[in-house]
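# Residue-level structure breakdown
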Amino acid sequence: MSLSALFLATLEVTLPVFAMVFIGLGLKRLGWIDQAFIATASSLVFKATMPTLIFLSIIKADLDATLNPALLGFFALATLGSFLLAWGWAILRVPYVDRGVYVQGAFRGNCGIVGLALAAGMYGDYGLSAGGLLLGVVILTYNAFSVIALATYQEGKSADWRSIIHHIVRNPLILSVVAAVPVAALELRLPGWLMTSGEYFASLTLPLALICIGATLSLGSILESGRLATGASLMKMVTLPLAATLAAWLVGFQGRELGVLFLFFASPTAAASFVMVKAMGGNAALSANIIALTTLMASLTITLGVFTLKVAGWI
């Protein structure tokens, strides 16, 4: 395959995802959707449609092919490494009061929506099921590390581990993985009508979630992004995905496993980071700028990253 054909094939995977994001931005600016719609749709995705999507993708998958402890373990270690690298850099270059917000923005990716959508676009059912299993690790590590970073630099704030554990245990995405694994392992089969209805419902997830991401983007925030937001965004979208993907290749991951890892590493900063910063009294404006800037950068950095990995023959 020629380089131009390979690049066009890469665009066929990444462009549909980011097109939905920019459609969401356009719909919001046209006034066709408002904040109430975004809040309701986001809640529906998180509590219902995405858990359904993950559950169905896992029960339809071959667990021997998708349940890979080495993959899950490496992702957890790579997340820890990314967190520590971002924190070390923040200690050297970021004002004390903004370090927690910087660190969270630099390592916490939007794997649950952007990463999963890209994995599904590139690898179909395998991408969905492997990504769904990885989300269990994502939820555990991202929430714990984010609270540690933010609580360390916010006066009068401390890590409420009981609350964190409570939210993780009751997280709908975690529950969907826990429910799906034994069903898939026992090879139980649900009635055909139930599977079809579930697939209709689950199909709402990715377009609705991506539209909501686009609708929450602020062009003003992107234009106002200062040195700290730009630095955190470059670390999130370039430095850490490059380091983590290279490490994954060096330890032996390749093909679709390496591809899913890259897409999760390279996802833009999660919108949930803004909610956590706001709740803990941090610099919400800095958090919003990082989210907006990384989301805008993602269409370029992820496309070039996938293309480069394909040219190298790694995925």
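Please refer to the structure higher up on the page.
One structure accompanies this document, and this report is about it. (Residues numbered from 1 in each chain as written. Predicted model: local features only at pLDDT ≥ 70, side-chain atom pairs only at ≥ 80, totals over all residues. Heavy atoms only, no water.)

This part covers the overall build of the protein. On a plain count of helices and strands, the protein comes out with 15 helices and zero strands. Overall, the protein is about 55 × 45 × 45 Å in size when its C-alpha atoms are taken along their principal axes. Within the protein, buried positions represent 53% of all 315 residues. For the protein, restricting intrachain contacts to residue pairs at least 6 apart in sequence, the fraction spanning at least 24 positions comes to 86%. Of the roughly 14200 Å² that the protein leaves accessible, carbon and sulfur atoms contribute 68%. Distance between charge centres in the protein, computed from 16 positive and 12 negative side chains, equals 9 Å. (Helix = DSSP H or I, 4+ residues; strand = E, 2+ residues; numbered from the N terminus. Buried < 20%, exposed > 50% of the residue type's maximum accessible area, 1.4 Å probe, protein only. Contact = heavy atoms within 4.5 Å. Areas by Shrake-Rupley, 256 points an atom, 1.4 Å probe, with all protein chains shown as cover. Lys, Arg positive; Asp, Glu negative; His and termini not counted. Charge placed at Lys NZ, Arg CZ, Asp CG, Glu CD.)

Attention shifts here to the side chain of Arg108. Mapping Arg108 onto the fold places it in the loop between helix H5 (99-107) and helix H6 (111-153). At 2.9 Å, the side chain of Arg108 and the side chain of Gln104 are in polar contact. Residue contacts for Arg108: discarding those within four places in its chain leaves Tyr142, Asn143, Ser146, Lys236, Pro268, Thr269, Ala270, Ala272, Ser273 and Met276. (Polar contact = N/O pair within 3.5 Å; in protein donor to acceptor, adjacent residues only side chain to side chain.)

Between its first and last C-alpha atoms H6 spans 25 Å; for 43 residues at 1.5 Å apiece the expected length is 63 Å, and the helix comes up short by more than 12%. Along H6, the sharpest change in direction is near 150° and occurs at Tyr123. The buried fraction of H6 amounts to 37 of the 43 residues, a majority that puts the element mostly inside the structure. (Expected span 1.5 Å × (residues − 1). Bend = angle between axes of the 7 residues up to and from the residue.)

Grouped together as the largest cluster of nonpolar side chains are 106 residues, with contacts concentrated most on Phe75, Phe264 and Ile302. It is H6 that contributes the most residues to this core, 26 residues altogether. (Core = buried A, V, L, I, M, F, W, Y, C linked by side-chain atoms within 4.5 Å.)

All right, on to the environment of Leu133 then. Relative to the assigned elements, Leu133 resides in helix H6. According to the relative accessible area criterion, Leu133 is buried, its value standing at 7%. Sequence-distant contacts of Leu133, that is, excluding residues within four places in its chain, are made with Ile58, Thr66, Leu67, Leu72, Val177 and Val181.

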